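Reading the structure
Chain residues, written in single-letter form:
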Amino acid sequence: MTATPPIELVCPAGSLPALKTAVDAGADCVYVGFKNATNARNFTGLNFTDASMREGIRYAHDRGRKVLLALNTYPQAGNWPEWTKTIDTAADMGVDAVILADPGLMRYANRTHPALRLHLSVQGSATSYEAINFYHEQFGIQRAVLPRVLSLPQVEHVIKNTPVEIEVFGFGGLCVMVEGRCSLSAYATGESPNCNGACSPGKHVRWEQTPTGMETRLNGILIDRFGDDERAGYPTLCKGRFAVGDDTYYAIEEPTSLNTLELLPDLARAGVRAIKIEGRQRSPAYVQQVTRVWRAAIDRLKADGERFAVQPEWMTALNNVSEGQSHTLGAYYRPWK
Amino acid sequence: MKLALGPHQYYWPRQAMMDFYADVAESPVDIVYVGESVCSRRHEMRLDDWFDVARVLAEAGKEVVFSSLVLIESESDLKVLRKLVGQPDFRVEANDMAAVQALIRAGHRHWVAGPTLNVFNPETMAVFADQGATRWAVPPEMAREAMDGLLAACEPRPEVEVTAYGRLPLAYSARCFTARHFNLQKDTCEFRCLQHAEGMPLKTREGEAFLTLNGIQTQSAKVYNLLGDLPALQASGVDVLRVLPQSAHMPELLALFRRAIDGDIAPADAFAQSQALMPEAPCNGFWHGKPGLEQYVAAA
């Protein structure tokens, strides 16, 4: 019997300092994006220039870690060359893999840079082994990131039926909708994760103190209103309070983070190859905190095996950096659905 | 230009569904998409019922297409998919890459690339065309300009279908928002969607109609309506207009679209007449490259 390789820890970096922090805190891989619409975290002040990317790759490689480049938006006829040029640049710089969602780009990458490793982005919405095997057979993808949709037994079933490595989200902001299948932001603001790499973008956000409380708006649409005793959160449109029937509540999802730390042994047993931490838009301090905890947990699992137990201080540290200071198991836990 | 009735988004009692499609058989549509594409728990219409509906529609001269489930989670979802792909009589609209994979395996050469496949550029269209896709249902969020750009670079050009009417399917989730509203879990949802023939309206805290909760699907509150944009649709060479089902005035709407396509009524007049048939205010922002919920008056 061959030993199962340890789970890889894949951490986010929206800047060179965040990348270095992630590497120093124990990330096996750091995923990054360029400063343009080619990736799904195209936020002002975030991401890498060519120079910072080269330095980041050197920093990670010098320490035996990998850099994965997210190129996970869908180009259109008018801007296609910007995406292919980015793939060429990434291959030239020696990134360890590109994370793609668009089949046309995968074909380009596969034909132009046959040695370049391809990962299927969560934006590709592949929720079954059949879908993943399509990308494998057509373009030779070697890893797929699962949308935050499947329960734990469903994740295990996917792994049993595909040769492709499976990466799942372990921690961070929670997309309630199937990634790649959500046009809510486009409907409200004209900018979407699919085409612009942005959800509920900041330039459409307005905070207004009113006599009835702090109001948060997205392109004029009231997403939530907060009393003096409440902490006003960013108006991500699926995490506002809305009226359905006679009830006003978080009709889609509460402002909460995904945290699957307690499922780590189950994920390992299921054959998950890598755990992804969400949050390229977050600070280096967040990256450090989350990476340290997950590094410690994965190392502990390796050492303790069946005796693995989640340490209370890990949960406290993670809750401190969670959206809304709370967490959920999301779809891994069936009743969430 | 052909007229299509898109897949039914809602969960209705079996008889209501049968009656609905009996009317459709009499209506002036050319293409009808059938089958359950939203939620695998919906079972009022069994697969055999859908085949019965499909045969009646085909006998009435309609092209029938089976629309596959958008979100596939389980092995039983895949089994249903394989049955759809395995039948020899009707085309299939692939709404997920698992459907594409099944169609390739089965050697189909004449399928529809559905709106949730995210075909946004000519290179991706070519990937699917090479595998047998002959019609492209444009993702609703894609603007006319981008669609024109894709088509200009396509050789051969696929048949092009644009969603032109209905509450827009905007998002899909593993979670059921209708069940959540009633404090139920999806697995024990009591099929509450049956009591909401057009989903549940979601309003902002100042009463603005924003979205519609339809089980695991989230739709727009406003009704997408491109009747006024018909000249532009024709100028872009769109081959098929897709109208999505709603509970009231469906025969009148289809007839109105038919007359507008055939030039028997001016697009602006057709748009004006359609107002009385819509459950909510119109929008057409996506077509114009703007936020989807906005409404642009077509230039005279």
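Residues numbered from 1 in each chain as written. Chains lettered and ligands numbered in written order. Predicted model: local features only at pLDDT ≥ 70, side-chain atom pairs only at ≥ 80, totals over all residues. Heavy atoms only, no water.

Attention now moves to the interface of chain B and chain A. Across the contact, 67 residues belong to chain B and 68 residues belong to chain A. Note on chain B versus chain A: buried area summed over both sides is about 5700 Å², and carbon and sulfur give 54% of it. Together, B:Glu141, B:Arg175 and B:Arg205 form the three largest contributors to the area buried by chain B at its contact with chain A, with a combined 13%. Applying the counting rule to chain B against chain A returns ten salt bridges. Across the salt bridge formed by A:Arg217 and B:Glu206, the nearest N and O atoms sit 2.6 Å from each other. Linking chain B with chain A are 43 residue pairs in polar contact (both at pLDDT 80 or more), by the criterion used here. Top element by residues in the side of chain B that touches chain A is helix α5 (residues 122-130) of chain B. It accounts for seven residues. (Contact = heavy atoms within 4.5 Å. Buried area = accessible area lost by both parts, 1.4 Å probe. Salt bridge = Lys/Arg side-chain N within 4 Å of Asp/Glu carboxyl O. Polar contact = N/O pair within 3.5 Å; in protein donor to acceptor, adjacent residues only side chain to side chain. Helix = DSSP H or I, 4+ residues; strand = E, 2+ residues; numbered from the N terminus.)

Residue and element names in this part refer to chain B. Going from Glu 155 to Pro 156, the amide bond is cis rather than trans, its omega being -5°. As for its position among the elements, Pro 156 is in the loop between α6 (144-152) and β7 (159-173). One non-glycine residue, Phe 191, adopts positive backbone phi at about 55°. For Phe 191, the position within the fold is in the loop between α7 (177-181) and β8 (200-203). Residue Phe 191 is classed as partly exposed on the basis of its relative accessible area, which comes to 26%. (Buried < 20%, exposed > 50% of the residue type's maximum accessible area, 1.4 Å probe, protein only.)

On to helix α3 (residues 80-93) of chain A, then. Here α3(A) is 14 residues long and its end C-alpha atoms lie 20 Å apart, about the 20 Å a rise of 1.5 Å per residue gives. When α3(A) is considered as a whole, its buried residues turn out to be A:Trp80, A:Trp83, A:Thr84, A:Thr86, A:Ile87, A:Thr89, A:Ala90 and A:Met93. On its buried face, α3(A) is in contact with α2 (50-62), β3 (66-71), β4 (97-100) and α4 (103-112) of chain A together with α5 of chain B. A:Gly94 occupies a position one or two residues after α3(A) and carries a positive phi of about 85°. (Expected span 1.5 Å × (residues − 1).)

This paragraph deals with the domain arrangement of chain A. Residue and element names in this part refer to chain A. With domains assigned, chain A is organised as domain 1 (8-174 + 256-336) and domain 2 (184-249). Distance from the C-alpha centre of domain 1 to the C-alpha centre of domain 2: 27 Å. Carbon and sulfur atoms make up 39% of the area that domain 1 and domain 2 hide from each other, which totals about 840 Å². Inspection of the region where domain 1 meets domain 2 yields zero salt bridges. Summed over the shared surface of domain 1 and domain 2, the result is two residue pairs in polar contact (both at pLDDT 80 or more). Residue composition of the side of domain 1 that touches domain 2, grouped by class: five nonpolar, eight polar and two charged. (Domains from an automatic or database assignment. Nonpolar A, V, L, I, M, F, W, Y, C, P; charged D, E, K, R; others polar.)

Here the focus is the nonpolar core. In terms of nonpolar packing, the biggest core is built from 211 residues, with A:Trp294, B:Tyr21, B:Phe128, B:Trp136 and B:Phe210 touching the most fellow members. Two domains share this core, each providing at least three of its residues, namely domain 1 (8-174 + 256-336) and domain 2 (184-249) of chain A. Ignoring sequence-local partners within four residues, the contact set of B:Tyr21 consists of B:Leu5, B:His8, B:Val32, B:Tyr33, B:Val34, B:Trp50, B:Val53 and B:Leu57. Formed by eight residues, the second largest nonpolar core is a distinct cluster that contains A:Val10, A:Cys29, A:Ala70 and A:Ala274. (Core = buried A, V, L, I, M, F, W, Y, C linked by side-chain atoms within 4.5 Å.)

All names here are of chain A. As for its placement among the helices and strands, Glu 278 is situated in the loop between β15 (274-277) and α10 (284-304). Between the C-alpha atom of Glu 278 and that of Leu 150, which follows or precedes it by 128 residues, the distance is 17 Å. If sequence neighbours within four positions are ignored, Glu 278 has contacts with Pro 12, Tyr 31, Arg 41, Arg 148, Phe 169, Phe 171, Gly 172, Gly 173 and Tyr 286. A polar atom in the side chain of Glu 278 sits 3.0 Å from the side chain of Gln 281.

All right, on to the state of the cysteines then. Note on terminology: disulfide describes a covalent bond linking the sulfur atoms of two cysteines. Residue and element names in this part refer to chain A. Taken as a whole and assessed by the stated rule, the structure comprises zero disulfides over all chains. Its sulfur unpaired, Cys 29 is 8.6 Å from the next cysteine sulfur, which belongs to Cys 11. Overall, Cys 29 belongs to the buried group, its relative accessible area being 1%. (Disulfide = S-S within 2.5 Å.)

Counted by the stated rule, this structure contains 18 aromatic pairs over all chains. Ring centres 6.0 Å apart and planes at 75° place the aromatic pair B:Tyr165 and B:Phe257 in the edge-to-face group. Here B:Phe257 lies in helix α9 (residues 250-261) and B:Tyr165 lies in strand β7, a separation of 92 residues in the sequence. An aromatic cluster of at least three residues, connected via ring pairs, comprises A:Phe134, A:Tyr135, A:Phe139, B:Trp111 and B:Phe128. For the cation-ring pair, A:Lys276 lies above A:Tyr31, with the distance from its terminal atom to the ring centre recorded as 4.2 Å. (Phe/Tyr/Trp six-rings, centres within 6.5 Å; stacked < 30°, edge-to-face > 60°. Lys NZ or Arg CZ within 6 Å of the ring centre and 35° of its normal.)

Residues and elements named next belong to chain A. With antiparallel pairing, three strands are arranged side by side in an open sheet as β9-β10-β11. The two strands at the open ends of the sheet, each matched to only one other strand, are β9 (205-210) and β11 (221-226). When the angles between neighbouring strand axes are averaged without regard to direction, this sheet yields 25°. In terms of strand pairing, β9 meets strand β10 (residues 213-218) through six bridges, oriented antiparallel. Note on β10: the bridge partner recorded for Trp 207 is Thr 216. (Pairing = 2+ DSSP bridges. Axes fitted to C-alpha atoms, helices over the stretch in contact; angles between N-to-C directions.)

Its place among the elements puts B:Pro122 in helix α5. Classification of B:Pro122 by relative accessible area gives buried; the value is 9%. Linking B:Pro122 and B:Ala152, residues 30 residues apart in sequence, is a C-alpha distance of 8.6 Å. B:Pro122 has contacts with A:Ala77, B:Leu150, B:Ala153 and B:Cys154, leaving out every residue within four places of it along the chain.

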